[in-house]
Amino acid sequence: MLYRSLAKPLLFKMDPEQAHHLIIGGLSGMGSIRPVPSGLRVMYGVRETADLAVDMFGCHFPTPVGLAAGLDKNGQAVTGFSSIGFGFMEVGTVTPLAQPGNDQPRLFRLPPDEALVNRMGFNNLGAEAMAGELSRLKERRIPVAVNIGKNKATSNEEAHLDYAKCIRALYQYADLFVVNISSPNTPDLRNLQHGNELKELLAAVMNEMEAQRAIVGGAAKSVLVKIAPDVNDQELEYMVRTIADSGVAGIIATNTTISREGLSHQHAKETGGLSGKPLRDRSTEIIRQIYRQTEGKLPIIGSGGIFTSEDAYEKIKAGASLVEIYTALIYEGPEVNRRIHAGLRELLRQDGYSHISEAVGAEHK
């Protein structure tokens, strides 16, 4: 309860983006002090258990709960986040060149709705800077997925070049890659989800991945695609078919939403992507539709509105093999990982499952 009783009241009195930088800076700095990661693991770590450990995408995930992209944009706090109970994490979104993102203010809390609105706009230090951060890691306790995007000034026609540049700069440091075509905060980015643009982009990504594997050697690394929740059934069906045909390893469902249905806080009027509890049901429905369309053959990471073990389990039964949190960490603190992990174990036991894989897509069986 340390976070909710002491840290959260102080952080929530600060500007959201200032609080964000304070957390990232603190985790980055503490991660470089040898005893601190061990102390964080004692306080907040999650013990790996056989029933929840997952092997997928060529990686071992000690727990099925990961950190979504957006918190550690530059890969500066991997050691810190690896020590507070996550089973994997995304860093980024990173673009080839550094860019400042959108004008401030651009991050807003909606406490009654347990939600956030952000219009950050892929602010980051660039692919080379992230490569430098990841290259300095002395150890890596969990898989690190690099979430890649295009620079704001890059047209959609040239977007494939930006994704390829990110892969070239970061291939040897990533455990897997996530193609972000679903942020609502970069103009026209979501158009890459539709038509031939998606097919051509993914072909270029897979070609670059194969080229880098040939240079670097080793086993092929997996690519996932992160999609938006704001699509109709026909658009989703086309996206999923194109993604499945491209040879990528899986889908992350979903990114933030532009919907504002059911919100009560004044910040609901702010433009940007909404994350948190209001996104929970829609992201679960997207997972459900993807699993049904692919007959469970294309792995899914579920993301959106997960605050409790029940939220995570609902997405797993809908078809997700792994899940991610983001907003719950802001509202609940690092204790949330232990609660979700313990709750998932109990839910599996109640349903008579010995391993999480047995529950994946259970509602369809």
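Remember, it's a predicted structure, so these values are computed and weren't measured experimentally. (Residues numbered from 1 in each chain as written. Predicted model: local features only at pLDDT ≥ 70, side-chain atom pairs only at ≥ 80, totals over all residues. Heavy atoms only, no water.)

1. Quick look at the UniProt feature "active site" (unreviewed entry) in the protein
Where we set the bar: UniProt positions are given in the numbering used here, feature names are shortened, and annotations may be inferred rather than shown by experiment. We call two residues contacting when some pair of their heavy atoms lies within 4.5 Å.
Sequence positions flagged by UniProt for "active site" (unreviewed entry) are, in local numbering, Ser183. Those residues in contact with serine 183, other than ones at most four positions away along the chain, are Phe122, Leu189, Arg190 and Asn255.

2. Some details on unusual backbone geometry
Condition: Only DSSP runs of H or I with at least four residues qualify as helices, and only runs of E with at least two residues qualify as strands; both kinds are numbered from the N terminus onward.
The amide bond that connects glutamine 104 to the next residue, proline 105, takes the cis arrangement and shows omega of -5 degrees. Structurally, proline 105 can be placed in the loop between β4 (88-94) and β5 (107-110). That bond from alanine 253 to threonine 254 is cis: its omega, 15 degrees, falls within 30 degrees of zero. Residue placement: threonine 254 occurs in the loop between β10 (250-253) and β11 (273-276). Although it is not a glycine, phenylalanine 57 sits at a positive phi angle of roughly 60 degrees. The residue phenylalanine 57 is located in the loop between β1 (54-56) and β2 (59-61) in this model.

3. Here we look at the pairing of strand β8 (residues 176-180)
Note the threshold: Only protein chains enter the area calculation, which uses a 1.4 Å probe; residues under 20% of their type maximum are buried, those over 50% are exposed, and those in between are partly exposed. Being paired, for any two strands, means DSSP has found at least two bridges between them. Orient the strands so they point away from the viewer; a crossover is then right-handed if the path from the first strand over the helix to the second runs clockwise.
Burial runs high along β8: 5 of the 5 residues are buried. The alternating pattern of β8 places Leu176, Val178 and Asn180 and Phe177 and Val179 on opposite faces, both of which are buried. Inspection of the sheet shows strand β7 (residues 144-148) paired to β8 by 4 bridges, in the parallel sense. Following the sheet pairing, isoleucine 148 is matched in β8 by valine 179. Assessed by its sense of winding, the connection that carries the chain from β7 through helix α6 (residues 159-170) to β8 is right-handed. Of the pairings in the sheet, the one linking β8 to strand β9 (residues 222-227) comprises 5 bridges and is parallel in character. Within β9, the residue paired with asparagine 180 across the bridge is lysine 226. For the crossover that starts at β8, traverses helix α7 (residues 195-216) and ends in the parallel β9, the hand is right-handed.

4. Examining the pattern of salt bridges
Condition: Here, a salt bridge means any side-chain nitrogen of Lys or Arg that lies within 4 Å of a carboxyl oxygen of Asp or Glu.
Overall, the coordinates contain 19 salt bridges when judged by the stated rule. A salt bridge links arginine 168 to glutamate 208; the nearest nitrogen and oxygen atoms lie 3.1 Å apart. Of the two residues, arginine 168 is situated in helix α6 and glutamate 208 in helix α7; the sequence distance between them amounts to 40 residues. For arginine 168, a relative accessible area of 43% puts it in the partly exposed group. Here glutamate 208 falls in the buried class, since its relative accessible area comes to 13%. Between glutamate 346 and arginine 349 there is a salt bridge whose closest N-O contact spans 2.6 Å. With a gap of 3 residues between them, glutamate 346 and arginine 349 both fall in helix α12 (residues 335-350), about one helical turn apart. A relative accessible area of 31% means that glutamate 346 is categorised as partly exposed.

5. Regarding the pairing of β9
Of all 6 residues in β9, 6 are buried; the element is thus mostly enclosed. Of the two faces of β9, the one lined by Ser222, Leu224 and Lys226 and the one lined by Val223, Val225 and Ile227 are each fully buried. Pairing between β9 and β10: 4 bridges, direction parallel. Bridge assignment links valine 225 to a residue of β10, and that residue is isoleucine 251. One crossover worth recording links β9 to the parallel β10 by way of helix α8 (residues 233-246), and it is right-handed.

6. Quick notes on the nonpolar core
So the rule is basically this: Nonpolar cores were defined as sets of buried Ala, Val, Leu, Ile, Met, Phe, Trp, Tyr and Cys residues, with membership established by side-chain atoms within 4.5 Å.
Counting residues in each nonpolar core, the largest one holds 97 residues, and the members touching the most others are Phe81, Val146, Tyr163, Leu170, Phe177 and Ile227. When residues in this core are grouped by element, the largest group, 6 residues, is from α6. Apart from the residues within four sequence positions on either side, phenylalanine 81 is in contact with Ile24, Leu27, Leu67, Leu71, Asp72, Phe86, Met89 and Leu329. Membership of the second largest hydrophobic core comes to 7 residues, among which are Phe108, Leu110, Ala268 and Leu274.

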